[in-house]
Every structure is written in C-alpha cells, then in structure tokens.
Amino acid sequence: MTTTPSELRPFNRLLLTGAAGGLGKVLRQRLRPYANVLRLSDIGEMAPAEGPHEEVVHCDLADKAGVQQLVEGVDAIVHFGGVSVERPFEEILGANICGVFHIYEAARRHGVKRVVFASSNHVIGFYKQDERLDAHSPRRPDGYYGLSKSYGEDMASFYFDRYGIETVSIRIGSSFPEPANRRMLSTWLSYDDLTQLIERALYTANVGHTVVYGMSDNREVWWDNSQAAHLGFTPKDSSDVFRDKVEAQPMPAADDPARIYQGGAFVAAGPFGDD
C-alpha cells in the first residue's frame, strides 16, 4: 500500500479516545492528517487544543450520557480509551466494559459507521509461545483486561451484524519505541506501523468486523494476519534491529510466564482483593 495521508480524503471530525494515554499522545500528532478536526477525549489531563483543528473533551467512558455527547458530530472513532493494564475487575468494568458499550451505542444513535477498536494480544494470552494463531483461533484471555477486550470484539461483531457499524479490532502486541524484552521481539509494533494500520482500518472499504494482529515485520511471530489481508497492511519496521540489545539481557527462568505464554506476565497477575 503506497497511499500517503495527503492522498486520502480527511474525515470532517475524527474522535480519538484515550488521548491522554501513552499511545494516545503519540496518535494525537499522527492522526492529524486524517481529519479536519481531531476530537480528543480522556478522563486524564490533556494538553489544550492547539487550534481549530483540535477539540479537547474530558469524558468518563463509564458515563453513558457523556459519551453520547462526545460522539455527536463525529464521522469515525479511534477507540483507545480505557484501562490498559491488568487490574481488579471493578476497575476494568467502568471504562473497558461499560465504556465500549457506550461507545457503540453512541455510534449507533449518531450514525457513525466506522470504529477502530484497540483490542489486545491479551485476548489470546494463554496460548503458548510455540503456537501460531490467526483471527479465528478461539480466544484465551489472560486476565480481566483481556476479558474486557474480548468482550469489546464481541460488541464490535454484534453492532456490525445488527446495525452495520464496521470495526477493525486491532489486537495490539507491544507498541513502544523499541522492544523491551525477548517476548516483545515477537509482539513489537512500531509507531509508524501502528499509524499505517489505523489508516488502513479507517479507509479500507467493506471491513465488516475484521480482527488483525498489531505487529511489525518481526522475524519470529506467533500470529497469522492472512485473514486481514484485505486491509493492505504492510508493516515496514522490524524488531530485529534491536535483537542484539534485547538478547544481551539475562534469559528469563524456564518457568517465567514471560518465556512461556504469549500474554507474558499478565497470565500471573492477581488474584486481587484476597487480603
């Protein structure tokens, strides 16, 4: 895919939730070419709008009425909001489970027909690292966070079947400036490749509900994206340039979840509230 942002017709108004988060701050800059107005939302602190091309709206995803107002006038949604780490269920519930329902209900009511949903590799985290998966592999969430993302994928599928709202669910691997450990040599997704993947998720026609694994062109991968080939996503970066640096780290113990499971340490987080 050789399309550049300048060749694509921008949306009039594009909503980015989770704009105060780690990836949200990155995407605030990178999504500007795709919208005349980028509406930014989070419950946390965000920098003020930098001009008429930005709108900053504080909104709790657990607030149904607030989300209804947030989505009004929007043409498409890039939904990265919510708790992004493993936490007790009660902390996941409001933003990640009620919140994704509120987003889709608001999309339905306001006629929004395209959502890009930040799912996660943690929906399949209990698979071993020597197993290869595709979009049809049964989900095996590794915690409450993974369960919430699995629920979000079901919500996306339902709202397409029932209301025709199309979604690309991106099972993000590990999107950071560089991979931090051996597991991330397989799961790493560069910011450039993430941006390209969101572009394809926004502009590809007839996606229905498409599940795609968010990973760069890494040497050793666990995921097969052939069922998302229609997106035309062609990652350009690879974790291999960091391999020597990462492999200089001590090898994790043989029983370390980071060495065994695709979800890494998430499979061992919790239980919570037993004390």
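See the structure shown above.
Counting starts from 1 at the beginning of each chain's written sequence and moves along it residue by residue. For this predicted model, a pLDDT threshold of at least 70 governs which residues receive local features, and a threshold of 80 or more governs which side-chain atom pairs are given and counted, while totals over whole chains, interfaces and linings are taken from all residues. Side-chain measures here rest on the full set of heavy atoms in the structure, leaving out hydrogens and waters.

Participant: Break down the packing of aromatic side chains for me, with residues and values.
Facilitator: Only Phe, Tyr and Trp rings are paired, with Trp represented by its six-membered ring, and only when their centres lie within 6.5 Å; those with planes under 30 degrees apart are stacked, over 60 edge-to-face, the remainder tilted. What the rule picks out here adds up to 13 aromatic pairs. Aromatic pair Phe-89 and Tyr-144: ring centres 5.8 Å apart, planes at 65 degrees, arrangement edge-to-face. Residue Phe-89 is located in helix α3 (residues 89-110), and its partner Tyr-144 is located in helix α4 (residues 144-163); the two are separated by 55 residues in the primary sequence. The exposure class of Tyr-144 is partly exposed, given its relative accessible area of 33%. An angle of 80 degrees between the planes, with centres 5.5 Å apart, marks the rings of Phe-126 and Tyr-261 as edge-to-face. With a gap of 135 residues between them, Phe-126 in the loop between β5 (114-120) and α4 and Tyr-261 in the segment after α8 (257-260) connect regions that are remote in the sequence. Grouped by ring-pair contacts, the aromatic residues Tyr-104, Phe-158, Tyr-159 and Tyr-163 constitute a single cluster. The ring centre of Tyr-163 lies 5.5 Å from the NZ or CZ of Arg-108, which sits over that ring. Over a ring means this: the NZ of a Lys or the CZ of an Arg is within 6 Å of the ring centre and within 35 degrees of the ring normal. The ring of Tyr-127 has Arg-140 lying over it, and the distance from NZ or CZ to the ring centre is 5.1 Å. Note on conventions: DSSP H or I runs of at least 4 residues are helices, E runs of at least 2 residues are strands, and numbering of each starts at the N terminus. Residue burial is assigned from relative accessible area. The probe radius is 1.4 Å, only protein chains are included, and a residue is buried under 20% of its type maximum, exposed over 50%, and partly exposed in between.

Participant: Got a sec to walk through the sheet that holds strand β7 (residues 209-214)? Specific residues and values, please.
Facilitator: Here the rule is simple: two strands pair whenever DSSP picks up at least two bridges between them. Ordered by their spatial adjacency, seven strands build an open sheet running β3-β2-β1-β4-β5-β6-β7, and the pairing between neighbours is parallel. Two strands bound the open sheet, and with one partner strand each, they are β3 (54-58) and β7. Neighbour-to-neighbour, the strand axes of this sheet turn through a mean angle of 20 degrees, independent of strand direction. The sheet contact formed by β5 and strand β6 (residues 166-172) spans seven bridges and is parallel. Counted as the bridge partner of Arg-114 is Glu-166 from β6. Of the strands in this sheet, β1 (11-17), β2 (35-42), β3 and β6 are in contact with helix α1 (residues 22-30), which crosses β1 at around 160 degrees. Each of β5, β6 and β7 touches α4; the most contacted strand, β5, lies at about 155 degrees to it. Note on geometry: axes are lines fitted to C-alpha atoms, helical ones only across the stretch in contact, with angles between N-to-C directions running from 0 to 180 degrees. The contact criterion used is simple: two residues touch if any of their non-hydrogen atoms lie within 4.5 Å.

Participant: Residues and numbers for the pattern of salt bridges, please.
Facilitator: Any Lys or Arg side-chain nitrogen located within 4 Å of an Asp or Glu carboxyl oxygen qualifies as a salt bridge. Within this structure, the stated rule accounts for 18 salt bridges. In this structure, Arg-114 and Glu-166 form a salt bridge, with 3.1 Å as the shortest nitrogen-oxygen distance. Of the two residues, Arg-114 sits in strand β5 while Glu-166 sits in strand β6, which places them 52 residues apart along the sequence. Here Arg-114 and Glu-166 have matching classes, each one buried. The salt bridge involving Asp-240 is made with Arg-243; its shortest N-O contact spans 2.8 Å.

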